[in-house]
Structures are given as C-alpha cells and as structure tokens.
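Next come the chains, spelled out residue by residue.
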Amino acid sequence: KNCTLSMNLRFKNASNQLNAANEDMEPFEYMKLLRATRKTIQNALGPEAYRRYINLINDAGMDSERYINELLQNADDCVYADDVKPSFVLTVSDDFSKIFTRYNEIGFTRENVRAITSGESTKKQILVSDGKMPEIGEKGVGFKAVFAVASKVYIHSGHFRFMLTDKAPTIPILPSDEKEPFQGTRMTFELKKPLKKDFFTEEKVLRLCLCLRKLRY
C-alpha cells in the first residue's frame with residue numbers, strides 16, 4: 001500500500017511538472033521536459049511493472065488490417081482547418097517493411113504529444129499481473145497499440161518531431177538536428193514483419209474507409 005501511494009505521488013508530481021510548463025517554452029525544450037518526465041514515471045513503475053505495460057500492448061491482438069484501421073481512425077479524429085479538405089496519404093516501401101502516412105491536420109499540440117506518450121492512465125492495469133487486457137483503442141493504450149505490429153514510429157507534426165519504439169513506447173526519442181515545422185502530420189512506421197504483397201485490395205480499402213467521418217476516398 002505504501003509503495004502504491006508513493007508511486008501515485010510520483011505520477012502526480014510528474015504530471016504537475018508538465019502542467020506548470022511555461023506557454024512560451026520552445027517545442028524542443030518542452031519535448032526534453034516531457035522525455036524527462038516520462039523517464040521519471042518509467043522509473044517509478046520499475047522494470048517489472050513497465051514490462052507488463054509493454055506486454056499489454058504486444059498482447060493487444062492487433063493484426064495488419066486493424067493496424068491500418070487504427071491509423072485511419074487516428075487521422076479521421078484529428079482537427080482540420082475550416083478551409084482545408086481533409087486528406088490522408090498512405091504509401092508502403094518497396095520491400096513492404098515500412099508504412100508512410102501523411103495528413104493535413106492542423107498539427108500536434110502539447111496536449112497531443114503528451115497524450116500519445118502517456119502511460120499514467122494505465123497504471124492501475126499494469127500494477128497487477130493478471131486481469132483482462134484492454135481492447136484496442138481503450139484509454140491508456142490507444143495509439144501505442146500499433147506497437148504490436150510496428151517496432152518504431154517516426155513522427156513529425158507541426159513543431160514537434162520525435163520517435164517512439166516498442167521497447168519504451170512512452171519515452172520520446174528526440175532528434176539531434178532541427179527541421180522546419182511540417183504543415184500537418186507525417187509518420188513513418190517500421191514494421192516487425194513485412195506486409196503481404198497482396199494486402200491492399202480494393203475491397204479491403206473500401207472496408208477500411210466505411211467508418212470515416214472527415215476523410216473521404
């Protein structure tokens with residue numbers, strides 16, 4: 001009980017640090033603060049509990065089709081400027097080992113970056129060794145469930161640029177160089193297993209697009 005109380009306190013303190021971040025802080029400086037905060041939370045959990053969190057993601061039961069659907073749903077849920085027609089572009093590398101996405105949303109905010117690296121909302125689930133694993137899209141897993149299929153994701157959105165890995169999906173890895181802000185969001189996913197060459201059939205693409213509200217095909 002004392003251990004859990006101490007851990008919850010460290011979670012709260014880490015969260016308060018991010019809440020107190022100055023609005024004038026440069027995006028790269030904010031990302032350094034976010035990375036340090038996420039490392040604090042990882043250390044608070046300890047190796048065993050964090051490993052259970054990784055297992056939560058890897059055991060999510062995501063296959064390639066659900067993975068693509070998750071990417072589409074994420075893009076469809078984004079905020080787009082009123083004068084912009086929402087668009088989503090997905091391409092695959094020649095060897096089918098990478099997926100590239102690009103969409104013209106307004107770009108990541110601090111809240112978006114914080115949410116995509118968050119692990120706090122899952123802490124109650126990973127502090128126990130048994131219990132039902134959450135389904136894809138449930139709070140606390142969400143985007144990170146793609147790491148059941150991908151080993152790395154490179155993200156460039158607005159002023160934010162970073163990488164996440166399946167080994168530590170809550171810890172953003174920052175680039176060593178600066179680049180101009182990207183108008184919208186682009187991501188590169190390195191897959192654990194290449195897609196099958198006949199994966200994208202017309203029927204499958206249409207089925208994936210049925211539930212979209214903003215994006216059109």
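Cut-offs and rules
Position labels on residues start from 1 in each chain and follow its written sequence. Local features in this predicted model are restricted to residues whose pLDDT is 70 or higher, and side-chain atom pairs enter the listing and the counts only when it is 80 or higher, whereas totals over whole chains, interfaces and linings include all residues. Hydrogens are left out, water is left out, and the side-chain values use all remaining heavy atoms of the structure. Accessible area is worked out with a 1.4 Å probe on protein chains only. A residue is then buried under 20% of its type maximum, exposed over 50%, and partly exposed in between. Every helix listed is a DSSP run of H or I at least four residues long, and every strand listed is a run of E at least two residues long, numbered separately from the N terminus. This arc is taken over the directions from the axis of the helix to the C-beta atoms. Contact definition: two residues touch when any of their heavy atoms are within 4.5 Å. Here, the term nonpolar core denotes a set of buried Ala, Val, Leu, Ile, Met, Phe, Trp, Tyr and Cys residues that are joined through side-chain atoms within 4.5 Å. For this analysis, a salt bridge means a side-chain nitrogen from Lys or Arg found within 4 Å of a carboxyl oxygen belonging to Asp or Glu.

Caption draft 1: Spotlight on helix H6 (residues 202-209). Regarding H6, the residues found buried are Lys204, Leu208 and Cys209. Taken around the axis of H6, the buried residues stretch over an arc of 130 degrees, which confines them to a single face. Residues Glu202 and Glu203 are exposed on H6 and point more than 90 degrees away from its buried face. As for H6, its buried residues are in contact with helix H3 (64-76).

Caption draft 2: Here's a closer look at the nonpolar core. Residues Tyr67, Phe162 and Phe189 are the most contacted members of the largest nonpolar core, which totals 45 residues. Among the elements that take part in this core, helix H2 (residues 27-58) stands out by supplying ten residues, more than any other. Every residue in contact with Phe189, bar those within four places of it in the chain, is listed here: Tyr67, Leu71, Ser97, Lys98, Ile99, Thr101, Phe143, Val146, Ala150, Lys152 and Val153.

Caption draft 3: Expanded view of the pattern of salt bridges. In total, this model carries five salt bridges according to the counting rule given. As a salt-bridge pair, Glu29 and Lys32 come within 3.3 Å of each other at their nearest N and O atoms. With a gap of three residues between them, Glu29 and Lys32 both fall in helix H2, about one helical turn apart. Residue Lys32 is classed as partly exposed on the basis of its relative accessible area of 40%. The closest approach of N and O atoms between Lys192 and Asp166, which form a salt bridge, is 3.5 Å. Of the two residues, Lys192 is situated in the loop between strand S5 (182-191) and H6 and Asp166 in the loop between strand S4 (160-165) and S5; the sequence distance between them amounts to 26 residues. For Lys192, a relative accessible area of 37% corresponds to the partly exposed category. Here the residues in one salt-bridge network are Asp76, Asp77 and Arg213, joined through shared partners.

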